[in-house]
Amino acid sequence: MAAEAGDPGATAAVPVELRRERRLVCVEYPGVVHNVTRMLQTLGGEEGVSRIYTDPTKRLELYFRPRDPYCHPVCANRFSTSSLLLRVRKKTRRRRAGPGAEAHPEVTFNMDILGVISTIYKFQGMSDFQYLAVHTEAGGRHMSMYDKVLMLKPQKESFFHQELPLYIPPPIFSRLDTPVDYCYRPEAQHREGYNNPPISGENLIGLSRARRPHNAIFVNFEDTGVPLQPLEAAVQTWKKACTNPVDRKAEEELRKLFEIRPIWSRNAVKANISVHPDKLKVLLPFVAYYMITGPWRSLWIRFGYDPRKHPEAKIYQVLDFRIRCGMKYGYGSTDMPVKAKRSTYNYSLPITVKKTSTQHVTMHDLKQGLGPSGAAGPRKLLPNKYKLKDSVYIFRDGALPPYRQMFYQLCDLNVEELQRIIHRNDGSETLCTERDGWCLPKTSDDLRDTMSLMIRQTIRSKRPALFSSPAEADRTKGQLMFESGEEEEEEEEEEDEDFKPSDGSENEMDTEILDYV
């Protein structure tokens, strides 16, 4: 080391200026780049790359055919790094040597640090399957359909009436872009003499999971009678779950609620008693049955009570109310103070790396009431830990609903004007229909119109700028009348099984049914 340090010919360290203020983003492009402009087009341009960079949950998409709308991208994962971008220049200086002498070129290297790379995108997955807009004719000739399915310029009416082969490719073929080892379930081993059950409409397509043992009784509006008592399996299930005073108190409180009024929604129950949601799923089938269709759909009804035979039960009917938005209401979906729980524009299966994590249930919550050991602990349950706010089932003038779609019971519309609409035919109810129940025809429409006007006035008071600026009104003219997934018509809307309602929101009827089937 000393000899090397004393050697005047040894290479010395060269001080380099580090430009920390210049941070760069690196993309490992899976190809040889000859044209930078065309390469950026495959990534969505500088604007597209910047938009992806601002959202750390998104993956960078590369379209090998950027002009083809049917091209499926290959995605890059985002990683944090601490690297330097170097620019190295090699200079070769050739000196002329004398006759007979060998020429020795002089080579020098210049190095500059252009910046610090803090983020890098790496294409580690496989590309999705590609399906071109090409039709194969009977003779084996291939015919391109791009000029027939893509409208690149204004077309006449004949363009939309031309005969074309059916071409509806899926938006994505594979949800995964990395190979995984799939663990197949081993074939079930049965005892000797076992016979497979006969194939029928009930078990032709098997369920992906075991049936939930909550044993709720479902009743349709057309059914002639109503159950008088719960199923024996529901009784046994609740006896197994009810093992401590907290559960027995919840049962007593729930029975008192059904004595006060015979019909309740699950949100209304959760706003009046404090019980663990998993325990409530077992407790409700023990004291009430569930109505699927008709004016009391998605509600829990006390055993033995038939609202179709009692005109006074019209105050317990359900109202499917959805906040209206659009240019004729003065505000659009993005301006509404009540934000949507989900949107059909946010589906990004293969290009998202992080999803919102669900709230994990602690062992303390799961063991509530499961045994004597569950009650003895240093932590005490709060008396109203699981209670919801009454705004999840009560409508008041001057207050906005917590969600854009609500299922209200008519008795929970705490506005005098709305109650006058409900009681217009008191004493003269003669027929209970599936659409209007014991109310006059079009009662639900009148209630929705009045409630929408109240909400419009409330939004006007909270956001006066939405109604006072002409420029704002012009800007909202191009918006749709209703946001995707929200319709003005009173139609039942099927919910996705994968949809998880926001905390405290279980107004979706189909979602509640899925808890019991």
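Residue positions within a chain follow its written sequence, with the count starting from 1. Local features in this predicted model are restricted to residues of pLDDT 70 or higher, and side-chain atom pairs are both shown and tallied only at a pLDDT of 80 or more, whereas totals for entire chains, interfaces and linings draw on every residue. Only heavy atoms go into the side-chain values, all of them from the structure, while hydrogens and water stay out.

1. Regarding the sheet that holds strand β4 (residues 106-122)
- Only strands joined by at least two bridges in the DSSP assignment are considered to pair. Only DSSP runs of H or I with at least four residues qualify as helices, and only runs of E with at least two residues qualify as strands; both kinds are numbered from the N terminus onward. The strand order β1-β4-β3-β2 describes an open sheet built from four strands, whose pairing is mixed. If you trace the sheet from one side to the other, it starts and ends with β1 (23-28) and β2 (60-62), each paired once. Direction aside, neighbouring strands of the sheet carry axes that sit 55° apart on average. Lines are fitted to the C-alpha atoms to define the axes, a helix being fitted only along its stretch in contact, and any angle between axes, read from their N-to-C directions, falls within 0 to 180 degrees.

2. Things to note about helix α5 (residues 232-241)
- All buried positions along α5 are accounted for by Ala-234, Val-235, Trp-238 and Ala-241. Each buried residue of α5 sits inside an arc of 130° when the element is viewed along its axis, so together they form one side. Turned more than 90 degrees away from the buried face of α5, the exposed residues are Glu-232, Lys-239 and Lys-240. Residue burial is assigned from relative accessible area. The probe radius is 1.4 Å, only protein chains are included, and a residue is buried under 20% of its type maximum, exposed over 50%, and partly exposed in between. The directions considered for the arc are those from the helix axis to the C-beta atoms.

3. Overview of the pairing of strand β10 (residues 299-302)
- Pairing between strand β8 (residues 263-264) and β10: two bridges, direction antiparallel. Looking at the pairing, Trp-264 lines up with Trp-300 of β10.
- As judged from the four bridges shared by strand β9 (residues 288-291) and β10, these two strands associate in the antiparallel manner. Bridging from a neighbouring strand, Met-291 pairs with Leu-299 of β10.

4. Focus on the pattern of salt bridges
- One side-chain nitrogen of Lys or Arg within 4 Å of one carboxyl oxygen of Asp or Glu is enough to make a salt bridge. Tallying each qualifying case throughout the model produces 18 salt bridges.
- A salt bridge links Arg-261 to Asp-412; its shortest N-O distance comes to 3.1 Å. One end of the pair, Arg-261, is in the loop between α6 (245-260) and β8; the other, Asp-412, is in the loop between β13 (405-409) and β14 (413-414), with 151 residues separating them in the sequence.
- For Asp-412, a relative accessible area of 5% puts it in the buried group.

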